[in-house]
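Each chain, letter by letter, is given below.
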Amino acid sequence: MSVATPLQLTIRPLTVRDNPAIARVIRHVSAEFGLTADKGYTVADPNLDTLYEVYSKPGHAYWVIEHEGEVVGGGGVAPLQCSEPDICELQKMYFLAQVRGQGLAKKLALQALDFAREQGFRRCYLETTASLTQAIALYERLGFEHIDGPLGCTGHVDCEVRMLKNL
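Residues numbered from 1 in each chain as written. Predicted model: local features only at pLDDT ≥ 70, side-chain atom pairs only at ≥ 80, totals over all residues. Heavy atoms only, no water.

Attention now goes to the nonpolar core. Residues Ile22, Val77, Leu90 and Phe144 are the most contacted members of the largest nonpolar core, which totals 44 residues. Among the elements that take part in this core, helix H3 (residues 104-118) stands out by supplying 7 residues, more than any other. If near-sequence neighbours (up to four positions away) are discounted, Ile22 is found in contact with Leu14, Leu51, Tyr62, Val64, Val71, Gly73 and Gly74. (Core = buried A, V, L, I, M, F, W, Y, C linked by side-chain atoms within 4.5 Å. Buried < 20%, exposed > 50% of the residue type's maximum accessible area, 1.4 Å probe, protein only. Helix = DSSP H or I, 4+ residues; strand = E, 2+ residues; numbered from the N terminus. Contact = heavy atoms within 4.5 Å.)

With that settled, consider the side chain of His60. Relative to the assigned elements, His60 resides in the loop between helix H2 (51-55) and strand S2 (61-67). Take His60: its relative accessible area is 18%, and that puts it in the buried class. Here the side chain of His60 touches Pro58 through a polar contact of 2.9 Å, landing on its backbone oxygen. (Polar contact = N/O pair within 3.5 Å; in protein donor to acceptor, adjacent residues only side chain to side chain.)

Further remarks concern the state of the cysteines. Where two cysteines share a covalent bond between their sulfur atoms, that bond is called a disulfide. Scanning the model with the defined rule gives 1 disulfide in all. Each disulfide pairs two cysteine sulfurs, and for Cys82 the partner residue is Cys153, the sulfurs being separated by 1.9 Å. Between Cys82 and Cys153 the sulfur-sulfur dihedral comes to about 60 degrees; the bridge is accordingly right-handed. Of this pair, Cys82 sits in the loop between strand S3 (70-79) and strand S4 (87-95) while Cys153 is found in the loop between strand S6 (145-146) and strand S7 (161-166), placing the two residues 71 residues apart along the sequence. We classify Cys82 as exposed; its relative accessible area is 63%. Summary of cysteine pairing: Cys88 is not part of a disulfide, and the nearest cysteine sulfur, belonging to Cys124, is at 3.6 Å. With a relative accessible area of 0%, Cys88 lands in the buried category. (Disulfide = S-S within 2.5 Å.)

Here's what the structure looks like:
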């Protein structure tokens, strides 16, 4: 009889050394789900290879999931561009298949929302696509509500699912 043991995973703040690894994760997961750059998904982000620099600014934070020294996922939060100053955005939540289904996305999202509250944000926005049904279900369980149109200027033109949560 074999017994599955949980993976030893660490959630920690993004470092500059993580830039190539988290960019690889985001590109891999995006390709897995058909989220291509030509449609304005995250892989089109010109800062994808320099996320540490992006998330080192005030009001920004990004965490990676590490397994045996390898970055296998991550997610963050930042002020929503071109929007009211009390709205942040949950951003770049991507996890390799080997670590999905273990509650990491929930744990990371809750950590990001706590950080957002500490920074004084009162609402959190996110955009995703309808094909990511598990992610949408998680966001709904976390209290995000669907809204009719986009907020801010994210550039994610094909993210047709938009959600907002009061913090």
